[in-house]
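Observations on the model geometry
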Amino acid sequence: MTSLPAFRTLLVVSALLAAGSLRAAEEPSKVVDKFLSRYCLECHDADIHKGDRSFDQFKLPLKSLPSVIEARDIIDQLTLREMPPKKAEQPSDEERLAVIRALRDGTAAAQATLQSTGSRTVLRRLSNREYENTLEALFGRRIDTLGLTADFPKEKTARHLDTIGQSLVTSGFLVDQYFLSANRLVETRLGKPATAPKTWTFNKNFVQYEELTGSHKSAFNFRYLNIYEQPNTDTRQGGYGHIEDFKQGVPVSGLYDLEVEATAMHRDTHYDPAIFGIDLSEPYILGVVPGDVTKGHIHYPQAIEPLLGSSVVPDNVPTRLKFRVWLEAGQTPRFIFPNGPYESRASVLTINRRYKDEFKGPIGSSGVGRDNILKEGKLPHIRISEIVVQGPVLEPSGGAEEVAVFGDNGFQPDRALDQLFAFAAKAYRRPLQDTDRAPIRNMVEKRLAEKATPRQAALDAVKLILCSPSFLYLSEVTPESERRLRPHDLATRLAYALWAAPPDETLSASAAAGKLTGDAELKNEIDRLLADDRVNGFVNGFLDSWLNLRDLGGMPPPRETNRAYYAEDLPASMKTEVRLFFRDMLKENRPVSLFLQADYSFIDKKLAKLYELPEQKTLRLADGFQKVSLKGDMHRGGLLGMAAVLTVSANGVETSPVTRGAWVSENILGVKPPPPPDVVPAIEPDVSGTTTIRERLAKHSTDRACAECHRKIDPLGFSLEAFDPVGRWRVTYAKPKKGPAPKIDTTGEFASGEKYQDFAGFRDILHDKREEQFTRHLIRSLLAYSTGRLMEPADEFAIDRIQEKVKQQGLGLRSFVVECLTSDLFRSR
């Protein structure tokens, strides 16, 4: 699909040709010189160089990569009509087209003469998420219960990408953490003692959080384990239910069967539902997470608490619910109420105040006692009356980890080295060389000489393998003299690009047979990997990078004004919408223009309510996410109408056209705005609420140092002021203490002259006139994410070719991915 600026250019050229009005062609260098002298040098010569640009030395032919970059930038500015500025003398269409044509010919000629800079991917280590994914794939079991990367340094990114080799540094501290993690994983999963299954039964002494002690003793003498609220609260009174007599946890890591007798209490309460902040028409859900008394307060959130299982709890009748969960040694099961009331303490205070006349017993002066409510009232909660824990469950062949390392027949001392070499080949993602085998053999011999048991010697060798650079790095066996990746290196790069995990047996077999480097085989493997559910590794990782969704929740809004954000765990729903939308486009090869403007999305009940869609009345939590039509919706459709994008581009407290405009510029259009000069003061917030951000910006932008950038950034954010910091639609700002709520002005004008009245109009301009700029940035982002390096000027020619190919194929998202992953850039070092 041809973008409107390019289409308009073609129309003008056709008209001029038909009229015979084109002058005899001048030399391209003279065309450029005359144009720059007349329309550009007044502001961009050696003396003034406005915007840090000087064109007085710019000449054709182009003899360097910087001059090619400059030429491309001039072409973009002229095509978008952003230069010359509106108030300056304007060239005719004929002049504009002539210089664009001359510059395009010049860049094409430069492609044939300029040599590549030899841009290569820096040898990079696994990112933290890739590290965990790799261990999970290697051992065949979830490892999130171990929290292996919890103490790792925070990952550094480049342009929000967490796969760039230059950013993925390896400090001495991180090396120590790798050793500790390998030791913990191996000893916990493979070095555990043989343990016979055992049964523990608990139906009394359910002591909970301190403030609940008096009420629970008075009401039922600790006979029940009550869960009163969701886990994500401030006051934390009854969000986690632990087993007081099982705080020591399970003896060894393994699978354990839980049988929980639970009852959903008082979902039919007559108390005002607004007190609890939840939809009481939805059935209660009981979840299981691990807890470790040595890792923090057992009643509070802990760093390691992945959801192990969940179930709907029937109303009023005690029902035995069964779970099979994985627990590490020392972990104890804890029970949560994911869709429970919001902040139980506040609910109790309100009930005791508003419904005090209903209680016969004393309420107490503090108002936080709940024994009267438990005895006489109808406080919504989950009541657990018995818990049975059985395990560890005996697994075939000793468990997934045993099979992964030693095979179906388990550890065999006389074959230990062969078993370790086979495991190392999987861990290193390639055939072993003699230099790989020697350290493993030496470790085994050393430990045996130190009187270690043969199995312990083998386990120590496994730790060595997991700390080897060949495991921790995407190491390459392709010789330095060869630019094209050899099959095993290509297989590894492809697997981590699309799965964020190591190659599977099929991909490894293709590499071993030498077939993967062939065009047809590579395309077949890309299609196969894209069809696998493990492609979520790419979907999640790329969206976290491209759209910076990794930072969603990093600057949350105030609880007092955004209760639903916390009570309904909106960030999880926000991210899921974007991921499902992307996955659908990838599967169906839908045009990437839908990222800018679409008539459908994937919505659950929570988002339907946030977006005020009709589906909020019909969707249930059990329905999950459904594809919903947005035809005719002027507020939603495309990335910029999604709450995830609108939230991550705000600061949690207030919105700003500058912040959101800069986000659109960088993440949608691929233009990273320069940082503001140090001498320019920040835009001060108006705590009184009497002025709007736009009014404050108007004063701020009178400074000429600010205006140059703000005229490009601010129009990209003005229309987005119609959304609050969590993506709710609004027409006014918050009402100040005095006077009416200020109305939001969503009008704007691009630096290139296009005007819009509202969000829908702004979205139309992006869709109709910035599609080519958007698609080019998407290609760069896909290539950077998948190759592990940022794109450089020499890569622009290859990006040109990819862009032309995807245009011919209808600009489908799957086509973008396939063309990027079959490109020479991806297949080269």
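Every chain's residues receive numbers from 1 upward, in the order its sequence appears when written. Residues qualify for local features only when their pLDDT is at least 70, as the model is predicted, and side-chain atom pairs are given and counted only at 80 or more; totals for whole chains, interfaces and linings, by contrast, use all residues. To obtain the side-chain values, all non-hydrogen atoms of the structure were used and water was disregarded.

**Concerning the overall build of the protein**
As a reminder of what qualifies: Starting at the N terminus, helices and strands are each numbered in turn, a helix being any DSSP run of H or I of at least four residues and a strand any DSSP run of E of at least two. Throughout, exposure labels follow a simple rule: accessible area from a 1.4 Å probe, protein chains only, divided by the maximum for the residue type, with under 20% read as buried, over 50% as exposed, and the rest as partly exposed. By definition, residues are in contact when any of their heavy atoms lie within 4.5 Å. To measure how exposed things are, a 1.4 Å probe is used in the Shrake-Rupley method; for residues, cover is taken only from the protein chains shown. Only four residue types enter the tally: Lys and Arg on the positive side, Asp and Glu on the negative side, with His and both chain ends excluded. By convention, the point assigned to a charge is CZ for Arg, NZ for Lys, CD for Glu and CG for Asp.
Scanning the protein for helices and strands turns up 30 helices and 13 strands. For the protein, the spread of C-alpha atoms along the principal axes amounts to about 100 × 80 × 45 Å. Across the 829 residues in the protein, those meeting the buried criterion constitute 52%. Taking all contacts inside the protein whose residues are at least 6 apart in sequence as the whole, residues at least 24 apart take part in 73%. Of the roughly 36,900 Å² of accessible surface on the protein, a fraction of 53% belongs to carbon and sulfur atoms. Taking the 111 positively charged and 112 negatively charged side chains of the protein as two groups, their mean positions are separated by 1 Å.

**A few points about the confidence of the model for the protein**
Spelled out, the test is: Residue-level confidence of the predictor is summarised by pLDDT, bounded by 0 at the bottom and 100 at the top.
With 92% of its residues at a pLDDT of at least 70, the protein reaches an overall mean of 89. Note that residues 1-24 has pLDDT below 50 and, in this model, 27 contacts with residues that lie over four places away or in other chains.

**Regarding helix α28 (residues 796-808)**
Counted only if it meets this: Helix span, as expected, comes to 1.5 Å for every residue beyond the first.
Given a rise of 1.5 Å per residue, 13 residues ought to cover 18 Å, and the 19 Å separating the end C-alpha atoms of α28 matches this to within 8%. Along α28, the residues classified as buried are E796, F797, A798, I799, I802, Q803 and V806.

**Here's the deal with the nonpolar core**
The condition is simple: Buried residues of nine kinds, namely Ala, Val, Leu, Ile, Met, Phe, Trp, Tyr and Cys, make up a nonpolar core once their side-chain atoms join them within 4.5 Å.
Within the largest apolar cluster, 105 residues are counted, with the highest numbers of intra-cluster contacts made by L498, F538, W546, L547, M574, F582 and F595. In contact with M574, other than residues within four places in its own chain, are L552, Y565, L607, L610, A643, A644, T647 and V726. In this structure, W200, V250, L327 and I373 belong to the second largest nonpolar core, which totals 45 residues.

**Topic: the environment of G147**
Tracing the backbone through its elements, the reader meets G147 in the loop between α5 (128-139) and α6 (172-189). Distance in space between the C-alpha atoms of G147 and I304 is 5.7 Å, their sequence separation being 157 residues.

**A closer look at the side chain of S781**
Tracing the backbone shows S781 in helix α27 (residues 771-787). Filtering out sequence-adjacent residues up to four positions away, S781 remains in contact with F542 and W546.

**A few points about the packing of α6 against helix α13 (residues 454-466)**
Condition: Angles run from 0 to 180 degrees between N-to-C directions of axes, and those axes are lines fitted to C-alpha atoms, restricted for helices to the stretch in contact. Two helices cross in a left-handed way if the nearer one is turned anticlockwise from the farther one by less than a right angle. They cross in a right-handed way if the turn is clockwise. Polar here means any residue other than Ala, Val, Leu, Ile, Met, Phe, Trp, Tyr, Cys and Pro, which are nonpolar, and Asp, Glu, Lys and Arg, which are charged; Gly is therefore polar.
It is at 9 Å that the axes of α6 and α13 come closest, and there the two elements cross at 145°. Between α6 and α13 lies a crossing of right-handed hand. Here A182, N183, L185, V186 and E187 of α6 lie close against α13, whose contacting residues are Q456, L459, D460, V462, K463 and L466. Classifying every residue of the contact of α6 with α13 by side-chain character gives six nonpolar, two polar and three charged.

**A word on the packing of aromatic side chains**
So the rule is basically this: For this analysis, a ring pair means two rings from Phe, Tyr or Trp (six-membered ring only for Trp) whose centres lie within 6.5 Å, classed as stacked if their planes differ by under 30 degrees, edge-to-face if by over 60, and tilted for the remaining angles.
In the structure shown here, the tally under the stated rule is 32 aromatic pairs. Relative to Y178, the ring of F152 lies with its centre 5.4 Å away and its plane at 90°, an arrangement referred to as edge-to-face. You can see F152 sitting in the loop between α5 and α6 and its partner Y178 sitting in helix α6, a full 26 residues away along the chain. Classification of F152 as buried rests on a relative accessible area of 8%.

**A few points about the pairing of strand β5 (residues 284-291)**
Under the convention used in this document: Between any two strands, pairing holds if DSSP finds at least two bridges.
In terms of burial, β5 is largely enclosed, as seven of its eight residues are buried. Of the pairings in the sheet, the one linking β5 to strand β6 (residues 309-313) comprises five bridges and is antiparallel in character. Note that in β6 the partner of L286 across the bridge is S311. Sheet analysis places β5 next to strand β8 (residues 332-336), joined by five bridges and oriented antiparallel. Looking across to β8, one finds that P290 is bridged to P333.

**Side note on the environment of R104**
Secondary-structure assignment places R104 in helix α4 (residues 93-113). Using a relative accessible area of 42% as the deciding quantity, one classes R104 as partly exposed. Along the chain, R104 and F206 lie 102 residues apart, while their C-alpha atoms are 76 Å from each other. Once residues lying within four places of it in the same chain are set aside, the contact partners of R104 are I75 and T79.

**Quick notes on unusual backbone geometry**
In this structure, the amide linkage connecting L60 to the following residue, P61, adopts the cis form with an omega of 0°. Topologically, P61 is positioned in the loop between α2 (28-39) and α3 (65-79). Across the junction of G391 and P392, the peptide omega takes the value 5°, indicating a cis bond. Relative to the helices and strands, P392 is located in the loop between β9 (381-391) and α10 (400-406).

**Observations concerning helix α18 (residues 536-546)**
In terms of burial, α18 is largely enclosed, as nine of its 11 residues are buried. Those residues of α18 lying buried are G537, F538, V539, G541, F542, L543, D544, S545 and W546. Its buried side turned inward, α18 meets α5, α15 (487-498), α20 (570-588), α23 (657-668), α27 and α29 (813-821). Just past α18, the residue N548 takes up positive phi, approximately 60°.

**Focus: the pattern of salt bridges**
It is possible for side chains of opposite charge to pair when their charged atoms get near one another. To be explicit about the condition: Salt bridge criterion: a side-chain nitrogen from Lys or Arg within 4 Å of a carboxyl oxygen from Asp or Glu.
The tally for this structure, following the rule as stated, stands at 61 salt bridges. Of the charged contacts, one joins D279 and K605 as a salt bridge, the two residues approaching to 2.3 Å between their closest N and O atoms. With D279 in the loop between β4 (254-265) and β5 and K605 in helix α21 (residues 605-610), this residue pair connects regions lying 326 residues apart in the sequence. By relative accessible area, which is 13% here, K605 ends up buried. Because the salt bridges share partners, they merge into one network encompassing E187, K446, R447, E450, D460 and K463.

**Points about the sheet that holds β8**
Spatially, β3-β8-β5-β6 is the arrangement adopted by the four strands of the open sheet, whose pairing is antiparallel. The open sheet has two free edges, formed respectively by β3 (240-241) and β6, since each of these has just one partner strand. Where β3 and β8 come together, two bridges link them in antiparallel fashion. In the sheet register, Y240 faces β8, and the bridge partner there is I336.

**A word on the environment of T561**
In this fold, T561 is placed in the loop between α18 and α19 (563-567). Residues T561 and L97, spaced 464 residues apart in sequence, show a C-alpha to C-alpha distance of 53 Å.

**Focus on the packing of α28 against α29**
Interaxial distance between α28 and α29 falls to 10 Å at its minimum, and their mutual angle equals 145°. Here α28 and α29 pass one another in a crossing that is right-handed. Contacts from I802, K805 and V806 of α28 reach α29 at S815, F816, E819 and C820. In terms of residue class, the contact of α28 with α29 is made up of four nonpolar, one polar and two charged.

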